[in-house]
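Close look at the chain arrangement
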Amino acid sequence: MFSSRNYSPAGAYAELGRDSDVRSADPHRLIVLLFEGAESAIAIARVHAEQGNVAERGNHISKAIDIIANGLKASLDQQQGGELAIRLAALYDYMVSRLLWANMKNDIPTMDEVHGLLSEIHDAWNQIEPGKQQTR
């Protein structure tokens, strides 16, 4: 039924955990999960780039691009978000183009650049968590 090459019980368990996280998450948590997924995909792509594994590097960069373009950017409400949403959309487009470049050129510093940008936005997003006490 399962090929031992493609089946990993640990991987299946991890996937199950992510699925339940997504199903039970509020909108804020869903965005956090998108950031985590994109950052993780870039980190894994970086390792594959260092090892010269072109196919896996490309697979993980593609995952990061998909999360950024079809998750983070698609979640923006440019009508209500105004200038901030417009600027974030442009930044997400920039990240996608940089990741495409990084994949074509096996450019690890560019992967690091995008990872850093995502990390900064991720940190800012965590600061606006609903229910989090604001201290003055």
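Higher on the page you've got the structure.
First, a word on scope: everything that follows refers to the structure included in this document. (Residues numbered from 1 in each chain as written. Predicted model: local features only at pLDDT ≥ 70, side-chain atom pairs only at ≥ 80, totals over all residues. Heavy atoms only, no water.)

**What about the environment of Val 54?**
- Of note, Val 54 is situated in helix H3 (residues 54-72).
- Each C-alpha atom, one on Val 54 and one on Met 104, is 9.8 Å from the other, the two residues being 50 residues apart in sequence. (Helix = DSSP H or I, 4+ residues; strand = E, 2+ residues; numbered from the N terminus.)

**Here's the deal with the pattern of salt bridges**
- Overall, the coordinates contain six salt bridges when judged by the stated rule.
- Note that Arg 29 is salt-bridged to Glu 36, the shortest N-O span being 3.7 Å.
- For Lys 73, the salt bridge goes to Asp 93, with nearest N and O atoms at 2.7 Å. A residue pair is termed long-range when its members are at least 10 positions apart, and Lys 73 in the loop between H3 and helix H4 (78-105) and Asp 93 in helix H4 qualify at 20 residues.
- Taken together, the shared-partner salt bridges connect Arg 46, Glu 50 and Asp 112 into one network. (Salt bridge = Lys/Arg side-chain N within 4 Å of Asp/Glu carboxyl O.)

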